[in-house]
Structures are given as structure tokens and as C-alpha cells.
Amino acid sequence: MKLSQLEPGQSGVIKEFTDLEMSVKLMEMGCLPGESIVVERYAPLGDPMAIRVSGYQLSLRKLEASTIILQ
Amino acid sequence: MEGDLKIALIGNPNSGKSTLFNILTGLNQKVGNFPGVTIDKKTGFCKLPDNRISQIIDLPGTYSLYPKSRDEVIVMEALADKKSAIHPDLIIFVADASNLKRNLLLYTQIADLKIPVIIALNMMDLAKRSGIEISSDALALKLGVQVVPISARNNDGISCLKQAILNSSKIPLQVDSIEVESLAPELIRKIQKELQVDLPYVALQLAHQHEQLSFLNADENKRISEIENEFAFHSQKTQATETIARYNFINDVLFDTISFKADAKLETISNRIDKVLTHKIFGFILFAVILFLIFQSIFAWSEYPMGLIEQLFVWLADTGNSLLPEGVLRSLLIDGVLAGLSGVLIFIPQIAILFAFISILEDTGYMSRVTFMMDKIMRKVGLNGKSVVPLIGGLACAVPAIMSARNIENWKDRMITIMVTPLVACSARLPIYTLLISLVVPSKSIWGFINLQGVALMSLYVFSIISAVVVAWVMKYILKSRERGYFIMELPVYRMPRWNNILLTMYEKVKTFVFEAGKVIIAISIILWVLASYGPGERFDTIEKKFESDLYTQKYTPAELDRLIASAKLENSYAGVLGKSIEPAIKPLGFDWKIGIALITSFAAREVFVGTMATIYSVDADDKHLESVRQKMQSARNPDTGLPVFTTAVAFSLMIFYAFAMQCMSTVAVVYRETKHWKWPTIQFVYMTGLAYVASFIVYQTLK
């Protein structure tokens, strides 16, 4: 399951990444394997999305979210 | 002044670093440039409890030492290069207590550079309200550094922080976080040995970042590349391993120093606000309303202070005329210097109001929601959600806006943003727009509250944004991409704006405008005065002789004669000659040679147009009547037809010309510095001037 497939309000736990370059940036921002993520909302036009991870809100594009694989 | 101690502030974006910087330095700060790059370098001085003076350097906010943009490279350059002028003796690491885990990632990287460090645990109040309890003593013990809980917004804990600076040691005492050597043992050892680097982590960072670091010479750069190849060094893989190792260390540290309670009120409030502010419909309506409000306020609120400034200069000119003896000096002071000075100061109220709004939007956290909402549209036209900030910043001035485009990591997005930002109606166009709108648009209200002039101005702003978007969309297909773009951005919790911070921003922007743009404006006013007061060869003598003849002295009164002489002199001055020579080219746009002169002089900066008009008309018009520029332009008549010069068609054609033309030397310079190539500003200049000519031609020919 990819992060980008979740609906607002749904949550998941990060398992792995499909893109090395993106994963480095995501991990720096606190998206680590084992960390749980809640999808808070999508932008009015459907993209990007806002997620809650390690206690704060992060926004990222769906394309970027699709590199995060959930457990 | 160097100060006794050099302290660098380092931290994540939104960690409250800038607020702390403002508290520590107050008005004792100055904005300069970092060597080699153009981002603002903010430094200031802070008096310590023992009366020593410390120099505080505000380094750009970053999430890690691995830069995502050129801005962030500065942090590494300052810390790794001991010879750097901004290499600190002490680091204050500003950490957001409400998000400690992520903040500590950067801390552990910094700690491995072995510079003495203090942690300022900021936003403790916020953390408490979100149910986070942190034992700063336990944290201090585990990391081996002083940890000072502060709340920069509420001015709490600042004296403790200053005391901690006094107590800090000259040698780094922090404990090691991870085993850096194990990440790439041979590579690190070899770089350490060959380039004489003391610290393993610096050696590793050199391997990662050597291509971007300006303090390395070509040989060193080449050598590092060779060593990288020798050991098959994979930068991203190593970064990933390092980041995971650091988080493991951080988890150990935080295990018994931090505790969470279930109820997090703050998040919920912020979430509720977001439900409205980023709502499908209300979100966009609200954004439009906010923009509309800003421009109505600029018009309404600035009227009174601008009137006062106008009156002051009329009084000054009056007094000058009655006190000083007639002659060259009086003319220079009043028609050159004073006219230019009033052209600068008159716009302070508008700039201050605009920046007050922009900094409120930034401060409350709303600006990042704008980015969030706009990203999808912006991406379609080849821009980035982050381009909204430079574009909105461009409403004030293209120069800082273009510099703020550095935050866009993607090269192509950044280039397009830089190329179209000068199209956005900046505050330097505001003087031209206000002047011309007040000439041709009646100051009437419809439905009792909407000012027609305000509507005209807002249309110009909206138009400017549309044209920027269209040009960006075209460029999306022309420019070739170099790298991929990210949009991974923190959405900070909504907060009340900090009023003294906003006041400081307003002060700083006004100061920059007055001193940076002001210098140019006054200098050009004086050059113009020379150009308008002197002519080539014997022309001026000939004019005086011509009007001395009986033919004229009998026909006209002395006052009329004076005016004729002045007008003839201006026409034959250097400025007149210059303006006339371009008249054939600009006639289809509805411009005469006087406007031609203003077009030439305002190549330096758009706002010079107004100063030029002031000078031209105060030289041109009857000297006894000190009218404002506006009145002079209104009463200007075409000498051939007797009709007003500034008709609706001419005024709008002129406004459209300024909307498109790259009439700003500072923008040209800043684009060159940002892109490091003359190619970009040249393309920009040509396309913008071309657009301006075509658009003005269409407008004039239609409205005529």
C-alpha cells in the first residue's frame, strides 16, 4: 500500500521507500521506517497532501507520497 | 566591529531562530551578503552580562547539513571552513521543543563538527500545550551540552541563555552521536590524510558536498572526486545510512527525556483553522479577499501619511525658495535634490503597509497554506507551490523576491520563477500606477465602499500575475530540466503574529528601499537636473538671444516669456535631445518626448519615472507655483494641439508599458548574480521590453 492511496483520516506505518534520493529527504523530515503517518487532508485541488508524522504536519505531493510504502 | 565572541544561530526552518535573533540583537543588526552568494546575511551584536560584546550570525534555516538548495550550503561553508569570516566560536542550536526528534537530527550533525554548542530549547510553552514534557536537564546530561529552555516569542529564558553563553567552554564538550568513521572508513581516512582535515565528519561531508563548497580549490576538488571513485563512494546510500543511525541515537536520547500526554489541543485548533482556510471553496475565496483587502488598505491607509509628506516637501521647497538666493545652487537643491528626495520618501507608507501584510501572512503560518493550496495550479504552469512566495514577494520588490526563489530546490522551477517574477507588479510600479490612475480614474466609490481607483489598481495587479503565469507556462516548454523537484514542506501550527517582529520587518524594508533605491533615485534626479538644465553647444545662448528680440518682448508678458524660454530650453537640453531622438519609436504608443526622457532615466529603476516627471515639470512649469507632480501632469498640454498630454489612452498605455518592461537595473543585477550568467538577464530584458512595446501599442491604438 502506498501512502498516496490513503484517504483523509486514515493512517499507516512506514515500511520502506521506493526511491533512494527521495527517501533521504523524507527521512530528514522525520518520515522514518516504523513511524506512523496520519493523512490529514488533501489540498483543495486534490494534490498535494498534508500528513501528520512524528508530531507535526508535513505537506508533500502525491507523487512523492507514492514512494512511501506502508505496512 | 568584530565583537569578542562569534556566535552562529542554527536551526530548522520555523524553529524560531529569527525571532531569537531579533531579541538578541534588536535594532543592532545589519543585512549584508555572504561571500560568493546573494542570500541575506544577517548579523548583529548582543551585549553579554559581563559587558562583552558578541557578534551574532543568523545562518539560513535547514533540516540537515545536506543542502536542498544553494541557501543551505552556507551553513556547511561557515562551519567546515575555519578560515571563513563567519566561522563561529560558539553555536546556539535553536530547537523546536514541540518537534524535538526531527530537530535533533541537525543537532547531531552539527555536534560532530566539534564546535562548542548550546541548545536553546525554544517553544517550550507550545510543547507543553501540546502535551509534551521535556526534561532539559536529562537532555543536557545525555548530550553533554547546556540546554536552555526558552520561549523566544514570549521573551522567556533569554537571560538564562545569555548566562549560558558566559558559562560555555572554549572546547567542544558534546558527546559523540554516531560512529562517523564506520560509514566509509577508508574514504574518510584518506581524505583526512590528504587534505589535512582534523575531523572525520568534515572529511565525510567534503566527500558529499565538495562540488558545491566554495572554499575548496580545483585541485582539492579533483582529488576528492578521485578518492570517491577509488572507494566507490555512493553519496545517497551513505546519507541514508547516516540518517538512520542518527535517528537511532536520537531515539535512545529521547527515550527517557521526553514524555507525551494524549490531549493535544493546539494541533486540533490548528487543524480546525485549516479546515476552513484550505477548504475547497472558502480557502480560495478567503485568499482572494485577503489579497483584495491588502490593496484596498494600501490605498486607504497610506493616503493621509502621504499627504503629510507631500505637504512637507512643498513647505521645504517654499522655504528654500524664499531663503536661498536665486541661482544654480538653489535650482540644484530644490529642483534636483529635493524633488528626488520627495520622490523617495513619499512611498514609505505604501511599502510599510504592504510589508506589514506580507510579514503577517508569513508569521501566522498562512503563507505556507497558500503554497499548499496553490501547488497544483502552479505546477501546471511550470512553477512550484513555493513560487507563490517569490511571486507574492514580487508584489513588494522583485529584488528580494528573486533572491527568495533560492528556496526552490528544483533548478527549472527556480529559473522560471526568476524569469517571471519581475512581471509581477512591484512596489516600484506603485508610484507610477498611483500617479497615473489618480490622473485619469475618478476617485469615486461604487456601492459606498469600493473605490474606483482601488479597482483600477487591483486590476493591474491581477493582470500582472496573469501575465507572469502565462509567460511561465510558455517557458515550461522552452526550458530543459536538469534535476527533479521536491515539494516536501512543513506546515507550521497557526500562531498569532509577533507585532514587534512585523514592525522590525517594516523598518528594515523601508530602510532598504530608502537607502538602496533612494541612492539611485537621488543620483539620477541630480543627473537629470544637469541634463535638463544644460544643453549641447550654444543652443541655450541662442534661445535667450532669440527671446530678447522685440518680436517677443512686445508680444508676451514677462511671465509668459519666462515660461516660453524654460520650455524651449528643456526641449533643447541634453535630456530633450535624448527624448526627442526616441520619439519616433514611441509615438505609436502615445508617448511624447517628455515621457521618452522618463523612459530613458527609469531604465535604472521604475520609480525614477515619478522623480523624472517631478524634475521635468518643475523645470518646465512656472517656478512660482509649487504644485505637486500630479497637478503639473494634469495641467500638461500638448503645445501643438492644446489638448491634455495625459489622456486615458496615454496613461493606460504607459501603465501597461511599465507592467511589462524590465525597467530596473537592480533586478538585472540580481538575476545575474542568482543565475551566474549574463544570458538570463539578457533574455529577460529582451522578452520583457518586447512584450511591453507590443502591449502598449495595442492598448494605445484601441483606447485612442
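Keep in mind the model is a prediction, meaning the values are calculated, not measured. (Residues numbered from 1 in each chain as written. Chains lettered and ligands numbered in written order. Predicted model: local features only at pLDDT ≥ 70, side-chain atom pairs only at ≥ 80, totals over all residues. Heavy atoms only, no water.)

1. Focus: the overall build of chain B
Then comes step 1: The number of helices and strands found in chain B is 31 helices and twelve strands.
Then comes step 2: Counting only residues that meet the buried cut, chain B has 56% of its 704 residues in that class.
Then comes step 3: Taking the contacts inside chain B whose residues are at least 6 apart along the sequence as the reference set, 74% of them involve residues at least 24 apart.
Then comes step 4: Accessible surface for chain B amounts to roughly 31,000 Å². Of this, 61% is attributable to carbon and sulfur atoms. (Helix = DSSP H or I, 4+ residues; strand = E, 2+ residues; numbered from the N terminus. Buried < 20%, exposed > 50% of the residue type's maximum accessible area, 1.4 Å probe, protein only. Contact = heavy atoms within 4.5 Å. Areas by Shrake-Rupley, 256 points an atom, 1.4 Å probe, with all protein chains shown as cover.)

2. Details of the nonpolar core
Then comes step 1: Ranked by size, the top nonpolar core spans 98 residues in total, and within it Val 420, Leu 436, Phe 609, Phe 646 and Leu 654 of chain B carry the most contacts.
Then comes step 2: Per-element tally for this core: the top contributor is helix 29 (residues 648-660) of chain B, with ten residues.
Then comes step 3: For this core, the two domains that each supply at least three residues are domain 3 (282-478) and domain 4 (503-703) of chain B.
Then comes step 4: Met 27 and Met 29 of chain A together with Leu 79 and Leu 121 of chain B belong to the second-largest nonpolar core, a separate cluster that totals 93 residues. (Core = buried A, V, L, I, M, F, W, Y, C linked by side-chain atoms within 4.5 Å. Domains from an automatic or database assignment.)

3. Re the packing of aromatic side chains
Then comes step 1: Using the criterion set out here, one finds eight aromatic pairs over all chains in the structure.
Then comes step 2: Centroid distance Phe 93 of chain B to Tyr 107 of chain B: 5.7 Å. Interplanar angle 70 degrees. Geometry classified as edge-to-face. Linking Phe 93 of chain B in strand 5 (residues 90-96) with Tyr 107 of chain B in helix 3 (residues 100-111), this pair joins segments that are 14 residues apart in sequence.
Then comes step 3: Relative accessible area serves as the criterion here: at 0%, Phe 93 of chain B is assigned to the buried category.
Then comes step 4: Measuring from ring centre to ring centre gives 6.0 Å for Phe 591 of chain B and Phe 657 of chain B, while their planes differ by 90 degrees; the resulting arrangement is edge-to-face. With Phe 591 of chain B in the loop between helix 25 (574-586) and helix 26 (593-601) and Phe 657 of chain B in helix 29, this pair connects stretches of sequence that are 66 residues apart.
Then comes step 5: Feature note: the residues Phe 591, Phe 609, Phe 657 and Tyr 658 of chain B constitute an aromatic cluster, connected by ring pairs.
Then comes step 6: Of note, Arg 102 of chain B hangs over the ring of Tyr 56 of chain A, and the distance from its end group to the ring centre comes to 4.2 Å. (Phe/Tyr/Trp six-rings, centres within 6.5 Å; stacked < 30°, edge-to-face > 60°. Lys NZ or Arg CZ within 6 Å of the ring centre and 35° of its normal.)

4. Quick notes on the sheet that holds strand 3 (residues 49-53) of chain A
Then comes step 1: Pairing within the open sheet is antiparallel, and its six strands lie in the order 5(A)-1(A)-2(A)-3(A)-4(A)-12(B). The strands lining the two open edges of the sheet, one partner per strand, are strand 5 (68-70) of chain A together with strand 12 (489-491) of chain B. The average undirected angle you get between the axes of adjacent strands in this sheet is 45 degrees.
Then comes step 2: As paired elements, strand 2 (residues 36-42) of chain A and strand 3 of chain A share five bridges and run antiparallel to each other. Looking across to strand 3 of chain A, one finds that Val 39 of chain A is bridged to Ile 51 of chain A.
Then comes step 3: Each of strand 2, strand 3 and strand 4 (56-60) of chain A together with strand 12 of chain B touches helix 15 (residues 366-380) of chain B; the most contacted strand, strand 12 of chain B, lies at about 125 degrees to it. (Pairing = 2+ DSSP bridges. Axes fitted to C-alpha atoms, helices over the stretch in contact; angles between N-to-C directions.)

5. Structural notes on the packing of helix 7 (residues 185-194) of chain B against helix 9 (residues 218-230) of chain B
All names here are of chain B.
Then comes step 1: Contact geometry of helix 7 with helix 9 gives a least axis separation of 10 Å together with a crossing angle of 155 degrees. Regarding the angle of helix 7 to helix 9, the classification is roughly antiparallel. Note on packing geometry: the crossing formed by helix 7 with helix 9 is right-handed. Between helix 7 and helix 9, the residues in contact are Leu 187, Lys 190, Ile 191 and Glu 194 and Arg 223, Ile 224, Ile 227, Glu 228 and Glu 230, respectively.
Then comes step 2: A breakdown of the residues in the contact of helix 7 with helix 9 according to their chemical character gives four nonpolar, no polar and five charged. (Parallel < 35°, antiparallel > 145°, perpendicular 65-115°, else oblique. Left-handed = near helix turned anticlockwise from the far one by under 90°. Nonpolar A, V, L, I, M, F, W, Y, C, P; charged D, E, K, R; others polar.)

6. Digging into the state of the cysteines
Then comes step 1: Per the stated rule, a full pass over the model turns up zero disulfides over all chains.
Then comes step 2: Looking at the unpaired Cys 46 of chain B, the closest cysteine sulfur is the one in Cys 160 of chain B, lying at 14 Å. (Disulfide = S-S within 2.5 Å.)

7. Comments concerning the domain arrangement of chain B
Then comes step 1: Along its sequence, chain B is organised into domain 1 (5-167), domain 2 (180-249), domain 3 (282-478) and domain 4 (503-703).
Then comes step 2: Here the C-alpha centre of domain 3 of chain B lies 46 Å away from the C-alpha centre of domain 2 of chain B.

8. Topic: the packing of helix 1 (residues 20-28) of chain A against helix 10 (residues 235-255) of chain B
Then comes step 1: The geometry of helix 1 of chain A relative to helix 10 of chain B is characterised by a closest axis approach of 9 Å and an angle of 25 degrees between their N-to-C directions. Comparing their axes, helix 10 of chain B and helix 1 of chain A come out roughly parallel. Of the two possible hands of crossing, helix 1 of chain A and helix 10 of chain B adopt the one that is left-handed. Only Gln 236, Lys 237, Gln 239, Ala 240, Thr 243, Ile 244 and Tyr 247 of chain B of helix 10 of chain B make contact with helix 1 of chain A, whose side of the interface consists of Leu 20, Glu 21, Val 24, Met 27 and Glu 28 of chain A.
Then comes step 2: Its residues assigned to classes, the contact of helix 1 of chain A with helix 10 of chain B comprises six nonpolar, three polar and three charged.

9. What to know about the interface of chain B and chain A
Then comes step 1: Listed per partner, the contact involves 43 residues of chain B and 33 residues of chain A.
Then comes step 2: In this assembly, chain B packs against chain A so that about 3,500 Å² is buried in total across both faces, 57% of it on carbon and sulfur atoms.
Then comes step 3: The interface formed by chain B and chain A includes four salt bridges.
Then comes step 4: In this structure, Glu 35 of chain A and Lys 101 of chain B form a salt bridge, with 2.8 Å as the shortest nitrogen-oxygen distance.
Then comes step 5: In this structure, the connection of chain B to chain A is made through 13 residue pairs in polar contact (both at pLDDT 80 or more).
Then comes step 6: Those elements that place two or more of their residues in the side of chain B that touches chain A are helix 3, helix 10, helix 11 (265-277), helix 15 and strand 12 of chain B.
Then comes step 7: Split into classes, the residues belonging to the side of chain B that touches chain A amount to 16 nonpolar, 13 polar and 14 charged. (Buried area = accessible area lost by both parts, 1.4 Å probe. Salt bridge = Lys/Arg side-chain N within 4 Å of Asp/Glu carboxyl O. Polar contact = N/O pair within 3.5 Å; in protein donor to acceptor, adjacent residues only side chain to side chain.)

10. Quick notes on the pattern of salt bridges
Pairs can form between side chains of opposite charge once their charged atoms are near each other.
All names here are of chain B.
Then comes step 1: Throughout the structure, instances matching the rule amount to 20 salt bridges over all chains.
Then comes step 2: Note that Lys 190 is salt-bridged to Glu 230, the shortest N-O span being 3.0 Å. One end of the pair, Lys 190, is in helix 7; the other, Glu 230, is in helix 9, and 40 residues separate them in sequence.
Then comes step 3: Judged by relative accessible area, which is 24%, Lys 190 ranks as partly exposed.
Then comes step 4: Classification of Glu 230 as partly exposed rests on a relative accessible area of 43%.
Then comes step 5: Between Arg 223 and Glu 226 there is a salt bridge, with its nearest N and O atoms 2.5 Å apart.

11. Looking at a nonpolar patch on the surface
All names here are of chain B.
Then comes step 1: Side chains of Val 462, Ile 466, Val 470, Trp 473, Val 474, Tyr 477 and Ile 478 sit close together on the surface and give an oily, nonpolar patch of about 690 Å² of accessible area.
Then comes step 2: Tracing the sequence through the fold places Tyr 477 in helix 20 (residues 452-478).
Then comes step 3: In this structure Tyr 477 comes out as exposed when scored by relative accessible area, which is 54%. (Patch = residues over 30% accessible without salt bridge, like charges linked within 9 Å, V, L, I, M, F, W, Y side chains within 5 Å.)

12. Description of helix 10 of chain B
Then comes step 1: The terminal C-alpha atoms of helix 10 of chain B, which comprises 21 residues, lie 30 Å apart, in line with the 30 Å expected from a rise of 1.5 Å per residue.
Then comes step 2: Taken together, the buried positions of helix 10 of chain B are Thr 238, Gln 239, Ala 240, Glu 242, Thr 243, Arg 246, Tyr 247, Phe 249, Ile 250, Val 253 and Leu 254 of chain B.
Then comes step 3: For helix 10 of chain B, the elements touching its buried residues are helix 1 of chain A together with helix 3, helix 5 (136-143), helix 8 (200-209) and strand 9 (258-260) of chain B. (Expected span 1.5 Å × (residues − 1).)

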